[in-house]
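# Descriptive analysis of the structure
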Amino acid sequence: MNKDSAAPLRRSRYSADRAALWKLPGRDLTQDLDLSARELSYLLDLAARVKQDPAPFATALAGRYLSLLFEKPSLRTRLTFELAIKQLGGDAVLTTGPIGDREPLKDVARNLDRWTHGIVARTFSQATIEELARWSRVPVINALSDRYHPCQALADMLTLKECFGRLEGLKLAFVGDGNNVAHSLLLTGARLGVHVAVATPAGYEPSAAIVEEARRHAAPGVRITVTHDAAEAVRGADAVYTDVWTSMGQEAESEQRRRDFRDYQVDENLFALAKRSAVFMHCLPSKRGEEVTDAVIESERSVVFDQAENRLHAQKALLLMLL
Ligand code: CP
Ligand code: NVA
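Since the structure is predicted, the reported quantities are computational estimates derived from the model, not experimental observations.

### Describing the overall build of the protein
Across its full length, the protein holds 12 helices and nine strands. What you see for the protein is a C-alpha radius of gyration of 19 Å, in line with the 20 Å of a compact globule of 323 residues. Across its three principal axes, the protein shows a C-alpha extent of roughly 55 × 40 × 35 Å. Relative to its 323 residues, the protein shows a buried fraction of 57%. Across the protein, contacts joining residues at least 24 apart in sequence account for 73% of those joining residues at least 6 apart. When the accessible surface of the protein is summed, it comes to about 13500 Å², and 50% of that surface belongs to carbon and sulfur atoms. Side chains of the protein carry 42 positive and 43 negative charges; the gap between the two charge centres is 5 Å.

Rendered as structure tokens:
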């Protein structure tokens, strides 16, 4: 559904198959499942095209402006969105700090949609993203919340596809905290045919509801496993992925987490259990010496900067589709 022509409170999720894939105007990306599996595949193809030959897209967003709202710090997401918008001929305005402290979120959304054509928001709470999307008449894109990081997963799938020429049948092992990044990899990876094995310490598993959703929406034959055994998850993997043990907003728990995650570091011994052709992945920023050793992240098999580069191209494709 096109928000421009819709009543503000009508939502547009899962209506993918009604729309031409090339254009999904007015749709949100509040979380991974807002794009169907077909749309995801299309987005990855478009991202590859835009990456290879950006010139034809240089004015696609001419006269279009986006609001960037960042409650938490960001290097990659903020800069790649700003660059993506500018490289497509549009422009962006940025506000940092708490969203909705001075006025209700529904009012924030109904201001921004009068001035700009889309909202990109990084928030502490997923509920903030959903409230903005509920009230905004322009697309709302989740730039990371406590629960999801869908834009990261798009770039990661593009990176895996570049590395292996396909996604179907690959095994991705995620070792560490069952956090926002793990959730998005489960939901996006499984629908694109990637087997996902998550290994966490007890008490840090991914949300059971999201694991169940990933299984329900997975491509045929995809295996989703959740274990406390890092070696079991990594064995035979094509990609080994980790993220910080303490996410933004959890700083008070960092001492405890360092103790709880001690056996979940991706070091050379653990990485050696993956396939010989396996790549190492990390969304960045990393804490070397905690979730990953310097030797692994600096190794030839590390693709972390390809992932970072692909944030730009994947988000360009996303903006082209939603706007
Ligand atoms: N990976 C990622 O989202 O990085 P930033 O926190 O720097 O945006
Ligand atoms: N899980 C991390 C990801 C940062 C890109 C966090 O939420 O802080």
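### Some points on the packing of aromatic side chains
The tally for this structure, following the rule as stated, stands at four aromatic pairs. Measuring from centroid to centroid gives 6.4 Å for Phe-271 and Phe-280, while their planes differ by 85 degrees, and the two rings are edge-to-face. Here Phe-271 matches Phe-280 in class, with each residue buried. Counting every residue linked through ring pairs, the aromatic cluster contains Tyr-204, Trp-245 and Phe-261.

### Concerning the site of ligand 1
If you check the shell around ligand 1, you find Ser-74, Leu-75, Arg-76, Thr-77, Arg-122, His-149, Gln-152, Cys-283, Leu-284 and Arg-311 and nothing else. Within the side chain of Arg-76, a nitrogen or oxygen atom sits 2.8 Å from an oxygen atom of ligand 1. Note that a nitrogen atom of ligand 1 is positioned 2.8 Å from one of the backbone N or O atoms of Leu-284. In the complex, 95% of the free accessible area of ligand 1, which totals 260 Å², lies under the protein chains. For the shell around ligand 1, a count of residues per class yields three nonpolar, four polar and three charged.

### What about helix H3 (residues 105-115)?
For H3, every residue scored as buried is listed here: Leu-105, Val-108, Ala-109, Leu-112 and Asp-113. The buried residues of H3 occupy an angular sector of 125 degrees when the element is viewed end-on, so they sit on one face. Opposite the buried face of H3, by more than 90 degrees, sit the exposed residues Arg-114 and Trp-115. Residues of H3 that are buried sit in contact with strand S1 (65-70), strand S3 (118-122) and helix H4 (126-135).

### Let's talk about helix H12 (residues 304-322)
When the terminal C-alpha atoms of H12 are compared, their 27 Å separation across 19 residues agrees well with the 27 Å that a helix rising 1.5 Å per residue should span. Taken across its 19 residues, H12 has 16 buried, putting it largely inside the fold.

### Comments concerning the packing of H3 against H4
One way to put it is that H3 packs onto H4 with a least axis distance of 8 Å and a crossing angle of 50 degrees. By the angle class used here, H3 and H4 are oblique. Considering how the two elements wind past one another, H3 and H4 form a crossing that is right-handed. Together, Leu-105, Lys-106, Val-108, Ala-109, Arg-110 and Asp-113 of H3 and Thr-128, Glu-131, Leu-132 and Trp-135 of H4 make up the contact between the two elements.

### Side note on the confidence of the model for the protein
Confidence in the prediction of the protein, expressed as mean pLDDT, is 93, and 92% of residues score 70 or more. Contacts for the low-pLDDT stretch residues 4-21, under 50 throughout, to residues beyond four places or in other chains number 37 contacts.

### Overview of the state of the cysteines
Using the criterion set out here, one finds zero disulfides in the structure. There is no disulfide at Cys-151, and the cysteine sulfur nearest it, in Cys-283, is 13 Å away. For Cys-151, a relative accessible area of 1% translates into the label buried.

### Brief notes about the site of ligand 2
Taken together, Leu-144, Asn-179, Asn-180, Asp-243, Val-244, Ser-247, Met-248 and Leu-284 make up all the residues around ligand 2. At a separation of 2.8 Å, an oxygen atom of ligand 2 approaches a polar side-chain atom of Asn-180. By residue class, the composition of the shell around ligand 2 is four nonpolar, three polar and one charged.

Conventions we followed
- Residues numbered from 1 in each chain as written.
- Chains lettered and ligands numbered in written order.
- Predicted model: local features only at pLDDT ≥ 70, side-chain atom pairs only at ≥ 80, totals over all residues.
- Heavy atoms only, no water.
- Helix = DSSP H or I, 4+ residues; strand = E, 2+ residues; numbered from the N terminus.
- Rg over C-alpha atoms; globule rule 2.2 N^0.38 Å.
- Buried < 20%, exposed > 50% of the residue type's maximum accessible area, 1.4 Å probe, protein only.
- Contact = heavy atoms within 4.5 Å.
- Areas by Shrake-Rupley, 256 points an atom, 1.4 Å probe, with all protein chains shown as cover.
- Lys, Arg positive; Asp, Glu negative; His and termini not counted.
- Charge placed at Lys NZ, Arg CZ, Asp CG, Glu CD.
- Phe/Tyr/Trp six-rings, centres within 6.5 Å; stacked < 30°, edge-to-face > 60°.
- Near = heavy atom within 4 Å.
- Polar contact = N/O pair within 3.5 Å; in protein donor to acceptor, adjacent residues only side chain to side chain.
- Nonpolar A, V, L, I, M, F, W, Y, C, P; charged D, E, K, R; others polar.
- Arc of directions from axis to C-beta.
- Expected span 1.5 Å × (residues − 1).
- Axes fitted to C-alpha atoms, helices over the stretch in contact; angles between N-to-C directions.
- Parallel < 35°, antiparallel > 145°, perpendicular 65-115°, else oblique.
- Left-handed = near helix turned anticlockwise from the far one by under 90°.
- pLDDT = per-residue confidence, 0-100.
- Disulfide = S-S within 2.5 Å.

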